[in-house]
Amino acid sequence: TLPTLANLFLLLQEENVHLRSKHPEVEYHVGMIMHHHRFDYVCAIYGWDETCKQSDEWKAQMGVDQLTHQGDQPFYHVLVEDGSQRYASQESLQLPTKFEHYRPNPNKEVGRYFKNFKNYFYEPNLFSKSCYPEDALCVEAARRTETEAALMDLVKQGLQRV
C-alpha cells in the first residue's frame, strides 16, 4: 500500500529530529552563543549533527582531516554575526570569554530558528524545538537555573540588609 501524506510527513519529521540522549558526545545545544577560536568569530548554534555530514570534497577543502577528531565529532550549524551560516566542529567552538560577545546576533536568519534572546542565549522557536526537542529542554533548564540563582541573590541581599 502507498503511504498516506500524513505518514510521509511523519517519516520526514522523524528523520529531522535530533535527540541529545542518543548522542552524549554532543556538548553544546541549540541557542548557545559560541566563539570559534580557530577563525575568531562569534556565532549562535541553530543545529547540530553527531558527525560531519558534508561531502569528502568539502572536508578536504576545509581541512577537516587536520582536526584532532577529524569528522568523527559533532558539527554545528551556526549563524555568524557577519551574516553568514557556517558548519563548525565541536573542537573549534568554545564559550565566549568576553562578556560583550553575549549579545543578540545581527544575522538576518535568527528569526528563522529562534523566538527571542534572553539571558545570554537564544530561545528556540517551534521549528527548532521540533527538530531538537531535548535542546529546548536544555534552554529551559538553564533559564530555571538562572532564575533560581537570581532569587538566591535577592534572598542574600535581603538578609544582608537585616
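Procedures and definitions
- Residues numbered from 1 in each chain as written.
- Predicted model: local features only at pLDDT ≥ 70, side-chain atom pairs only at ≥ 80, totals over all residues.
- Heavy atoms only, no water.
- Helix = DSSP H or I, 4+ residues; strand = E, 2+ residues; numbered from the N terminus.
- Contact = heavy atoms within 4.5 Å.
- Buried < 20%, exposed > 50% of the residue type's maximum accessible area, 1.4 Å probe, protein only.
- Salt bridge = Lys/Arg side-chain N within 4 Å of Asp/Glu carboxyl O.
- Polar contact = N/O pair within 3.5 Å; in protein donor to acceptor, adjacent residues only side chain to side chain.
- Phe/Tyr/Trp six-rings, centres within 6.5 Å; stacked < 30°, edge-to-face > 60°.
- Lys NZ or Arg CZ within 6 Å of the ring centre and 35° of its normal.
- Pairing = 2+ DSSP bridges.

## Quick notes on the overall build of the protein chain
Phase 1: Tallying secondary structure elements over the protein chain gives 5 helices and 7 strands in all.
Phase 2: N-terminal to C-terminal, the α/β element order of the protein chain is α-β-β-α-β-β-β-α-β-β-α-α.
Phase 3: Taking the intrachain contacts of the protein chain between residues at least 6 apart in sequence as the baseline, contacts between residues at least 24 apart amount to 57%.

## Looking at the environment of Ala 44
Phase 1: Its location among the elements puts Ala 44 in strand β2 (residues 41-49).
Phase 2: Accessibility expressed as a relative area gives 0% for Ala 44, which makes it buried.
Phase 3: In sequence terms Ala 44 and Val 80 are 36 residues apart; their C-alpha atoms lie 6.7 Å from each other.

## As for the pattern of salt bridges
Phase 1: Summed over the entire model, instances satisfying the criterion amount to 6 salt bridges.
Phase 2: One salt bridge connects Arg 103 with Glu 81, and the closest N-O pair in it is separated by 2.9 Å. Placement of Arg 103 in the loop between β5 (93-94) and α3 (110-113) and of Glu 81 in the loop between β3 (75-80) and β4 (85-89) is noted, with a sequence separation of 22 residues between them.
Phase 3: What makes Glu 81 partly exposed here is its relative accessible area of 23%.
Phase 4: Residue Glu 123 pairs with Lys 115 through a salt bridge whose shortest N-O separation is 3.1 Å.

## Concerning the side chain of His 35
Phase 1: Within the secondary structure, His 35 is located in strand β1 (residues 33-36).
Phase 2: A relative accessible area of 11% places His 35 in the buried class.
Phase 3: A distance of 2.7 Å separates polar atoms of two side chains, one belonging to His 35 and the other to Asp 40.
Phase 4: Those residues within four positions of His 35 in sequence are excluded, and the remaining contacts are Asp 40, Tyr 41, Val 42, Ser 92, Leu 93, Gln 94, Pro 96 and His 101.

## So, the packing of aromatic side chains
Phase 1: Scanning all chains against the criterion turns up 11 aromatic pairs.
Phase 2: With a centroid separation of 5.9 Å and an interplanar angle of 70°, the aromatic rings of Phe 99 and Tyr 120 are classed as edge-to-face. Here Phe 99 is found in the loop between β5 and α3, whereas its partner Tyr 120 is found in the loop between β6 (114-118) and β7 (121-124), with 21 residues between them in sequence.
Phase 3: The class for Phe 99 is exposed, based on a relative accessible area of 59%.
Phase 4: Between Arg 86 and the ring centre of Tyr 41, over which it is positioned, the NZ or CZ distance is 4.5 Å.

## Regarding the pairing of β6
Phase 1: As defined by bridge partners, β6 adjoins β7 across 4 bridges and the pair is classed as antiparallel. Each residue of the ladder has a partner; that of Phe 114, found in β7, is Pro 124.

## Describing unusual backbone geometry
Phase 1: In this model, Asp 40 sits at a positive phi of 50°, which is unusual for a non-glycine residue.
Phase 2: Secondary-structure assignment places Asp 40 in the loop between β1 and β2.
Phase 3: Given a relative accessible area of 59%, Asp 40 falls into the exposed group.
Phase 4: Located in the positive-phi region is Gln 70, a residue other than glycine, with phi close to 45°.
Phase 5: Among the residues examined, Gln 70 registers a relative accessible area of 39% and is labelled partly exposed.

## Here we look at the pairing of β2
Phase 1: β2 sits mainly inside the fold: 9 of its 9 residues count as buried.
Phase 2: The turn linking β1 back onto β2 is made up of 4 residues, and Asp 40 within it adopts a positive phi angle of 50°.
Phase 3: Here β2 pairs with β3 via 6 bridges, running antiparallel. Of the residues in β3, the one forming a bridge with Ala 44 is Leu 79.

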